[in-house]
Amino acid sequence: MSFAKLVFTPLSYTGWGALEQLLPEVRNFSPKKILVITDPVLEKIGLVQRVTNPLIEHGYAVELYTDVVPEPPLEVGEKLVSFTRQGKFDMVIGVGGGSAMDLAKLAAVLAVHEGTVADYLNLTGTKKVHKKGLPKILIPTTSGTGSEVTNISVLSLDTTKDVVTHDYLLADVAIVDPELTVSVPPRVTAATGIDALTHAVEAYVSVNANPITDGLALQAIRLIGRSLRKAVENGNDKQARIDMSNGSYLAGLAFFNAGVAGVHALAYPLGGQFHIPHGESNAVLLPYVMGYIRKSCTKRMADILNALGGNSTYLSEEEASYKCVEELERLVKDVGIPNTLGGFDIPETALESLTQDAVKQKRLLARSPLPLLEEDIRKIYQSAFTGEVTEPK
């Protein structure tokens, strides 16, 4: 008998104005001292105050922590966990993109554990998470990472990335309010949007896909496919922001349950070695990885094409899969993200070190419908450097 384990937490509020549910949910936990983790940009533009001001007005002690950077290095995580332990907080709220929310999850859980963050890393750590940690509420301000519904916290090491992962990292409450994404600039909208699309696409072709995650992934692709260009062009387009927010949320649920694979495995070293934002790392690699594995999932590529707004009715699966790769290329180009590694000033001499770091991402590579060995990875990086989609011989 075949069955799938599915995890659909946390309690979530979605939709325009969902932030109104923050105060009632905070009351449920009766905290005395709340740590709000966000990035300095959101503090500067006044967005995080929409979270903190109602809490302060209702008598909660709130401390703001803004030492958050994109693609946070391990030492940033170590500093935050130490700060949280010393602060005697009894609730954590993460506000922002994936980095702020990942750090919030990390702080909430490891605050009640001993040892360093490094002790709990997936690849090299020796300790295991065994306590739930502090209550945590996650509030995304971008439409892309899906961190509000996943159980991982990603950290940058010297040349690659590693994660702390456990179901205790899942939020207690997620508040997904597209109104909070209106101020996101076009380049970030594009990068996080392609990140969400990549989550959905990789979940749909994952070896761990099942009918439930398929439904989530395809609807996410439909929503993102019809709204990403609009959201990049006009950040005030309310319906586009709603569609992107919902698409990102669904994609997060899809990939949390089915997993991501080759695109993410090859993207991690780009962030680790060259500090390219995660969404842009995924974007530049998405067409090349999907083009390389195309033959292993032609039917599913045809489905993705249709979800993106294409039409495979009069095409063979083979033809539709080619069209799917072309549509992914077109979408990345249309939203203004460079479509080659050279566009990010990555030299050809770096391809070998990228390959060696990507090979280490065995947790991700194991989900690819086409096994990606070292030589395959090397060919994909070369393809992304030259700008020509290639396939295995």
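Below: a short report on this structure.

**Some words on the overall build of the protein**
Helix and strand counts for the protein come out as 15 helices and 8 strands. Relative to its length of 393 residues, the protein is compact, with a C-alpha radius of gyration of 20 Å against a globular reference of 21 Å. Expressed along its principal axes, the backbone C-alpha trace of the protein runs to roughly 65 × 50 × 45 Å. For the protein, the proportion of its 393 residues judged to be buried stands at 58%. In the protein, the share of contacts with a sequence separation of at least 24, taken over all contacts with a separation of at least 6, comes to 78%. When the accessible surface of the protein is split by element, carbon and sulfur atoms take 53% of a total near 15700 Å².

**Thoughts on the pairing of strand β5 (residues 136-140)**
With 5 of 5 residues buried, β5 lies mostly within the body of the structure. In β5, alternate side chains face the same way, and those of K136, L138 and P140 on one face and I137 and I139 on the other are all buried. Examined bridge by bridge, strand β4 (residues 91-96) and β5 share 5 bridges and lie parallel to one another. Residue pairing across strands places G96 opposite P140, the latter belonging to β5. A crossover connection joins β4 to the parallel β5 through helix α5 (residues 98-110); in handedness this β-α-β unit is right-handed. In this sheet, strand β8 (residues 173-176) lies alongside β5 in parallel orientation, the contact comprising 2 bridges.

**Some thoughts on the packing of aromatic side chains**
For the structure on display, the rule yields 2 aromatic pairs. Their ring planes at 50° and their centres at 4.9 Å tell us that Y65 and F83 sit as a pair that is tilted. Pair noted here: Y65 is in strand β3 (residues 61-65) and F83 is in helix α4 (residues 74-87), with a separation of 18 residues, a long-range link. On the accessibility criterion, Y65 (7% relative accessible area) is buried. Residue class for F83 comes out partly exposed when judged on its relative accessible area of 27%. Put simply, the rings of Y65, F83 and F89 touch in pairs and so form one group of aromatic residues. Its end group placed over the ring of F89, K33 keeps NZ or CZ at 4.8 Å from the ring centre. Above the ring of W16, the side-chain terminus of K238 is found at 4.9 Å from the ring centroid.

**Digging into α4**
With 14 residues, α4 ought to run about 20 Å at 1.5 Å a step, and its terminal C-alpha atoms sit 20 Å apart, in line with that. Every buried residue belonging to α4 is among L74, V76, G77, L80, V81, T84 and G87, and all of these are buried. Mapping the buried residues of α4 onto a view down its axis gives an arc of 160°, with all of them on the same face. Turned more than 90 degrees off the buried face of α4, the exposed positions are E75 and Q86. Elements in contact with the buried residues of α4: β2 (33-37), β3, α5 and β6 (152-156). Just beyond α4, the residue with positive phi is K88, at close to 55°.

**Re the environment of S321**
Structurally, the position occupied by S321 is in helix α12 (residues 317-334). Residue S321 is classed as buried on the basis of its relative accessible area of 0%. Along the sequence, S321 and G272 sit 49 residues apart, while their C-alpha atoms lie 31 Å from each other. If near-sequence neighbours (up to four positions away) are discounted, S321 is found in contact with R294, T298 and M301.

**Here we look at the pattern of salt bridges**
According to the stated counting rule, one finds 20 salt bridges in the structure shown. Between E391 and K295 there is a salt bridge; the shortest N-O distance is 3.8 Å. Taken together, the positions of E391 in the segment after α15 (374-386) and K295 in the loop between α10 (278-293) and α11 (298-307) put the pair 96 residues apart, joining distant regions of the chain. For E391, a relative accessible area of 24% corresponds to the partly exposed category. Of the residues examined, K295 reaches a relative accessible area of 55% and is grouped as exposed. Of the charged contacts in the structure, one is a salt bridge between E326 and K323, with a shortest N-O distance of 4.0 Å.

**Details of unusual backbone geometry**
For S30, which is not glycine, the phi dihedral falls at a positive 50°. Take S30: it is sitting in the loop between α1 (22-29) and β2. With a phi angle near 50°, E71 is a residue other than glycine that sits in the positive phi range. Along the chain, E71 falls in the loop between β3 and α4.

Cut-off values and rules
Residues numbered from 1 in each chain as written. Predicted model: local features only at pLDDT ≥ 70, side-chain atom pairs only at ≥ 80, totals over all residues. Heavy atoms only, no water. Helix = DSSP H or I, 4+ residues; strand = E, 2+ residues; numbered from the N terminus. Rg over C-alpha atoms; globule rule 2.2 N^0.38 Å. Buried < 20%, exposed > 50% of the residue type's maximum accessible area, 1.4 Å probe, protein only. Contact = heavy atoms within 4.5 Å. Areas by Shrake-Rupley, 256 points an atom, 1.4 Å probe, with all protein chains shown as cover. Pairing = 2+ DSSP bridges. Right-handed = clockwise from strand over helix to strand, strands pointing away. Phe/Tyr/Trp six-rings, centres within 6.5 Å; stacked < 30°, edge-to-face > 60°. Lys NZ or Arg CZ within 6 Å of the ring centre and 35° of its normal. Expected span 1.5 Å × (residues − 1). Arc of directions from axis to C-beta. Salt bridge = Lys/Arg side-chain N within 4 Å of Asp/Glu carboxyl O.

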